[in-house]
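# A look at the structure
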Protein chains: 2
Amino acid sequence: MSKPFNDAFLKACRKEQTPHVPVWYMRQAGRYQPEYREIRKKYTFFEMSEIPEVCAEVTRLPVEQLGVDAAILFADIMTPLQHIGVDVEIRSGVGPVIDNPIRSEKDVERLTEIDPETHVATTLEAIRILNQQLSVPLIGFAGAPFTLASYMIEGGPSKNYHKTKAFMYAEPVAWKALMEKLGAMTISYLKAQVKAGAHAIQVFDSWVGALNEQDYQLYVAPIMHKIFQALKEMGVPTIYFGIGTGHLLTEWNKLPVDVLGLDWRTSITQARAKGIDKALQGNLDPSLLIGPWEVIQERAKAILDQGMAQPGYIFNLGHGIFPDVPVENLQKLTAFIHEYTKR
Amino acid sequence: MSKPFNDAFLKACRKEQTPHVPVWYMRQAGRYQPEYREIRKKYTFFEMSEIPEVCAEVTRLPVEQLGVDAAILFADIMTPLQHIGVDVEIRSGVGPVIDNPIRSEKDVERLTEIDPETHVATTLEAIRILNQQLSVPLIGFAGAPFTLASYMIEGGPSKNYHKTKAFMYAEPVAWKALMEKLGAMTISYLKAQVKAGAHAIQVFDSWVGALNEQDYQLYVAPIMHKIFQALKEMGVPTIYFGIGTGHLLTEWNKLPVDVLGLDWRTSITQARAKGIDKALQGNLDPSLLIGPWEVIQERAKAILDQGMAQPGYIFNLGHGIFPDVPVENLQKLTAFIHEYTKR
């Protein structure tokens, strides 16, 4: 390590004072980068995941290029599912497609357990490599059980999660078993990431906003409680993120998680007004990033003013970076955030 | 008219006492009905819209079959766009597809004006026929400018509305012109529906929940204010509905509209806690309707208890009926609502 370790991100997760507002971007390793597009020409997504050096390179690139305060492991939320009996494929322009969707309790029963040291050895090796190279914290991550289940039941991406919810309502016993199995897999996978050297964990529950508060309480909250409780024992900060989950924030605030990630819809002020007292991460609309710089700056400033009102704030987007965003806009944005918030 | 006119729905819109909680369902004329599927075998969607008698039949069918308290005109929110220069086609399994998407201010300039008596004569004729036949109120409707613009800019359905928002941020002048043109079209189309005999109007802003509160205020609220103000002069109740718009309800409550439609995510209790004092419509999760009857009944009961806490409540789903819902479940649900809420 040549540079001193920058722990601003970890401090903000713990609601401690930081020298500046830390920032990282969801999907900061992605197709908007010319270098990433070059690498993707050579490998499929899952092929990349199989080569620890490539994973590490792709993870490191945006840290150097943008100057962000945290790295996020290059992987996909679907990665561990391959190893418990789910036939998943990432289809370009579509997303994850699953050839053997869950249709019954029997389908849930045939899911197996994950053994991280065997099954995701390359991911863990990438973490160990990155630990030697990075001077910012490395965020490990996983998909949350509801979001993984939505792909497994729908057979791919969905606009309404109709099959998922229909299964949940009609087969509550099978649903519970599915949540338990995916929860155990997630805990095992994430603990292995922390043991390998991840400094923090983000759990992506991207699509759980499709549920109302009552259904979240009944069908999802118990497993999320279990996951974050298990991670608490590992001593690393945890982040919980979803799209369109503003109506669930009061429930999320009850979970043993450190940071809540907001999408662009719910402002930090709106979240605080609901009594959310955890650290917050977010939430510039990622569609803004192809707009004029003046608009980006004005909106970022407004968000920073809200976020800095109390300790425990990490700047991020409200969702992942789109492929058509110029790298330069993210470089300018990162520099602006650091400059504007310097104490 | 053989039966006396049932005005429970109109009274509830005006927050007056009603003999029972009125109910209708979004997409109550749809593919879940065997009779509808038969008619659809004979015509394309737009062909159906061209024959007033078929429109009227399809509109009337669920009223007779389910016993609901209101009819909603059979049409599509894209219907008027065809007449202002938008090449739109409803593609089965995809949704509306537009061959000449909006890319610049020039594309906005070439949009023309609608003349309802010429362009949507069949729709207006269907309303006149239905007025002779129905003993419940007929709801006319239109898509709201943001939602229509999202199709026009994306070229079809979208998951993230990235192009729409990018256009909005980068081309504020063209965006405003687009909202004004679509607003004028909507006012003209809806006024013609009321003149032909529609008793109430629902405006579908299905996808406006993709915006945060600040963007809604800046880019959408002015045109919605104009539309509802123009409809106020017509003397019929108005309803405003969108998906995932819980974070916009405080803004919506300021509009000169009578009823706010809630999707299944935001409960009536949550909406009232935000200070929403308008009449409310909603909001059973439509995915519940293929579940066991006991679960449907229990959830409907919970929603009715919330809704009946003050006058001005209309039962509905949080979104349209899915094609796999058994007709019988909707018949039982309608009967249960009437029975449970009878005064």
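Quick caveat: nothing in here was measured; it's all calculated off a predicted structure.

Reading the values: rules and limits
- Residues numbered from 1 in each chain as written.
- Chains lettered and ligands numbered in written order.
- Predicted model: local features only at pLDDT ≥ 70, side-chain atom pairs only at ≥ 80, totals over all residues.
- Heavy atoms only, no water.
- Helix = DSSP H or I, 4+ residues; strand = E, 2+ residues; numbered from the N terminus.
- Buried < 20%, exposed > 50% of the residue type's maximum accessible area, 1.4 Å probe, protein only.
- Areas by Shrake-Rupley, 256 points an atom, 1.4 Å probe, with all protein chains shown as cover.
- Lys, Arg positive; Asp, Glu negative; His and termini not counted.
- Charge placed at Lys NZ, Arg CZ, Asp CG, Glu CD.
- Axes fitted to C-alpha atoms, helices over the stretch in contact; angles between N-to-C directions.
- Parallel < 35°, antiparallel > 145°, perpendicular 65-115°, else oblique.
- Left-handed = near helix turned anticlockwise from the far one by under 90°.
- Contact = heavy atoms within 4.5 Å.
- Nonpolar A, V, L, I, M, F, W, Y, C, P; charged D, E, K, R; others polar.
- UniProt positions renumbered as here; feature names shortened; annotations may be inferred.
- Salt bridge = Lys/Arg side-chain N within 4 Å of Asp/Glu carboxyl O.
- Buried area = accessible area lost by both parts, 1.4 Å probe.
- Polar contact = N/O pair within 3.5 Å; in protein donor to acceptor, adjacent residues only side chain to side chain.
- Core = buried A, V, L, I, M, F, W, Y, C linked by side-chain atoms within 4.5 Å.
- Pairing = 2+ DSSP bridges.
- Least-squares fit on C-alpha atoms with pLDDT ≥ 70 in both.
- Phe/Tyr/Trp six-rings, centres within 6.5 Å; stacked < 30°, edge-to-face > 60°.
- Lys NZ or Arg CZ within 6 Å of the ring centre and 35° of its normal.

### Let's talk about the overall build of chain A
- Scanning chain A for helices and strands turns up 16 helices and 9 strands.
- Reported as C-alpha extents along the three principal axes, the dimensions of chain A are approximately 55 × 45 × 40 Å.
- Among the 343 residues that make up chain A, the fraction classed as buried is 64%.
- Carbon and sulfur atoms make up 51% of the accessible area of chain A, which amounts to about 12,700 Å² in all.
- Positive and negative side-chain charges in chain A, numbering 35 and 39 respectively, have mean positions lying 3 Å apart.

### A short note on the packing of helix α8 (residues 145-154) of chain A against helix α10 (residues 172-196) of chain A
Residues and elements named next belong to chain A.
- Two numbers describe how α8 lies on α10: the axes approach to 9 Å, and their chain directions differ by 120 degrees. One way to sum up the angle between α8 and α10 is to call them oblique. Our pair here, α8 against α10, has a crossing hand that is right-handed. Listed contacts from α10 to Pro145, Phe146, Leu148, Ala149, Met152 and Ile153 of α8 are Trp175, Leu178, Met179, Leu182, Gly183, Met185 and Thr186.
- When grouped by side-chain class, the residues that make up the contact of α8 with α10 number 11 nonpolar, 2 polar and no charged.

### Points about the UniProt feature "binding site: substrate" (unreviewed entry) in chain A
Residues and elements named next belong to chain A.
- This chain's UniProt record puts "binding site: substrate" (unreviewed entry) on Arg27, Gln28, Ala29, Gly30, Arg31, Phe46, Asp76, Tyr151, Ser206 and His319. Taken together, the annotated residues stretch across 293 residues and extend over separate regions, lying up to 23.2 Å apart by C-alpha.
- Relative to the assigned elements, Arg27 resides in the loop between α1 (8-13) and α2 (34-42).
- A relative accessible area of 44% means that Arg27 is categorised as partly exposed.
- The residues touching Arg27, leaving out its near neighbours within four places in the chain, are Tyr32, His319, Gly320 and Ile321.
- Position of His319 relative to the elements: it lies in the loop between β9 (313-317) and α16 (327-340).
- Apart from residues no more than four positions distant in its own chain, His319 is found in contact with Met26, Arg27, Phe241, Ile243, Trp264 and Pro286.

### Details of the pattern of salt bridges
- Inspection of every chain in the model, using the stated rule, returns 30 salt bridges over all chains.
- For Asp285 of chain A, the salt bridge goes to Lys165 of chain B, with nearest N and O atoms at 2.8 Å. A residue pair is termed interchain when its members come from two chains, as with Asp285 of chain A in the loop between β8 (279-284) and α15 (293-307) and Lys165 of chain B in helix α9 (residues 162-170).
- With its nearest N and O atoms 2.7 Å apart, the salt bridge here joins Lys254 of chain B to Glu251 of chain B.

### Brief notes about the interface of chain B and chain A
- If you look at the interface, chain B gives 34 residues, while chain A gives 34 residues.
- Summed over both partners, the interface of chain B with chain A comes to about 2,900 Å²; 49% of that surface belongs to carbon and sulfur atoms.
- It is His162, Tyr169 and Arg299 of chain B that lose the most area in chain B upon contact with chain A, and together they represent 22% of the buried surface on that side.
- There are 4 salt bridges connecting chain B and chain A.
- The tally of links from chain B across to chain A stands at 22 residue pairs in polar contact (both at pLDDT 80 or more).
- Mapped by element, the contributors of at least two residues to the side of chain B that touches chain A are α9, α11 (213-219) and α15 (293-307) of chain B.
- Considering only residue class, the side of chain B that touches chain A consists of 17 nonpolar, 9 polar and 8 charged.

### Brief notes about the UniProt feature "domain: Uroporphyrinogen decarboxylase (URO-D)" (unreviewed entry) in chain A
Residue and element names in this part refer to chain A.
- The sites that carry the UniProt feature "domain: Uroporphyrinogen decarboxylase (URO-D)" (unreviewed entry) are, in the present numbering, residues 22-31 and 139-155.
- Along residues 22-31, the helical share is 0% and the strand share 0%, with 23 Å between the first and last C-alpha atoms.
- In the segment residues 139-155, helix accounts for 59% and strand for 29%; the C-alpha atoms at its two ends are 28 Å apart.

### A short note on the nonpolar core
- Ranked by size, the top nonpolar core spans 268 residues in total, and within it Phe315 of chain A together with Phe315 of chain B carry the most contacts.
- With residues up to four places along the chain from it excluded, the contact list for Phe315 of chain A reads Val21, Pro22, Val23, Trp24, Tyr25, Gly282, Leu284, Ala300, Ile303, Leu304, Leu333 and Ile337 of chain A.

### A short note on the environment of Leu231 of chain A
All names here are of chain A.
- Its location among the elements puts Leu231 in helix α12 (residues 221-232).
- Here Leu231 falls in the buried class, since its relative accessible area comes to 1%.
- Between the C-alpha atom of Leu231 and that of Gly140, which follows or precedes it by 91 residues, the distance is 12 Å.
- Excluding anything up to four places from it in sequence, Leu231 contacts Leu190, Ile201, Val236 and Thr238.

### Quick look at the sheet that holds strand β7 (residues 259-261) of chain A
Residues and elements named next belong to chain A.
- Pairing is parallel in the open sheet, where 7 strands are placed in the order β1-β4-β5-β6-β7-β8-β9. Each edge of the sheet is formed by a strand with only one pairing partner; in this case those strands are β1 (71-72) and β9.
- Bridging between β8 and β9 involves 5 bridges; their strand directions are parallel. Residue Leu280 lies in a different strand from β9, and its bridge partner there is Tyr313.
- The sheet contacts of α10 involve β4 (138-143) and β5 (200-204), and relative to β4 the element is tilted by about 170 degrees.

### Some remarks on the relation of the copies chain B and chain A
- For the pair chain B and chain A, the best superposition has an RMSD of 0.0 Å and corresponds to a rotation of 180 degrees with a translation of 0.0 Å parallel to the axis. What the rotation and shift describe, once combined, is the action of a two-fold rotation axis.
- Here 100% of the interface residues in chain B have copies in chain A that are interface residues too; the copies meet face to matching face.

### Considering the pairing of strand β2 (residues 88-91) of chain B
- With 4 bridges joining them, β2 of chain B and strand β3 (residues 95-98) of chain B adopt antiparallel strand pairing. For Arg91 of chain B, the partnering residue across the bridge sits in β3 of chain B and is Gly95 of chain B.

### Remarks on the packing of helix α8 (residues 145-154) of chain B against α9 of chain B
All names here are of chain B.
- Closest axis-to-axis distance for the α8/α9 pair is 8 Å, and the angle between their directions is 105 degrees. As summarised for this structure, α8 and α9 are arranged roughly perpendicular, according to the angle between their axes. Only His162, Lys163, Thr164, Phe167 and Met168 of α9 make contact with α8, whose side of the interface consists of Phe146, Ser150, Ile153 and Glu154.

### Thoughts on the packing of aromatic side chains
- Taken as a whole, this structure holds 22 aromatic pairs over all chains when the rule is applied.
- Consider the rings of Phe141 of chain A and Phe204 of chain A, whose centres lie 5.4 Å apart with planes at 80 degrees: the pair is edge-to-face. You can see Phe141 of chain A sitting in strand β4 and its partner Phe204 of chain A sitting in strand β5, a full 63 residues away along the chain.
- Taking the relative accessible area as the measure of exposure, Phe141 of chain A reaches 7% and is therefore buried.
- Arranged with centres 5.1 Å apart and planes meeting at 40 degrees, the rings of Phe45 of chain B and Phe74 of chain B form a pair that is tilted. With a gap of 29 residues between them, Phe45 of chain B in helix α3 (residues 45-49) and Phe74 of chain B in the loop between β1 (71-72) and β2 connect regions that are remote in the sequence. No difference in accessibility class separates Phe45 of chain B from Phe74 of chain B, as the two residues are buried.
- An aromatic cluster is built from Tyr36, Phe45 and Phe74 of chain A, whose rings are joined through pairwise contacts.
- Positioned over the ring face of Trp207 of chain B is Lys159 of chain A, at 4.5 Å from the centre of the ring.

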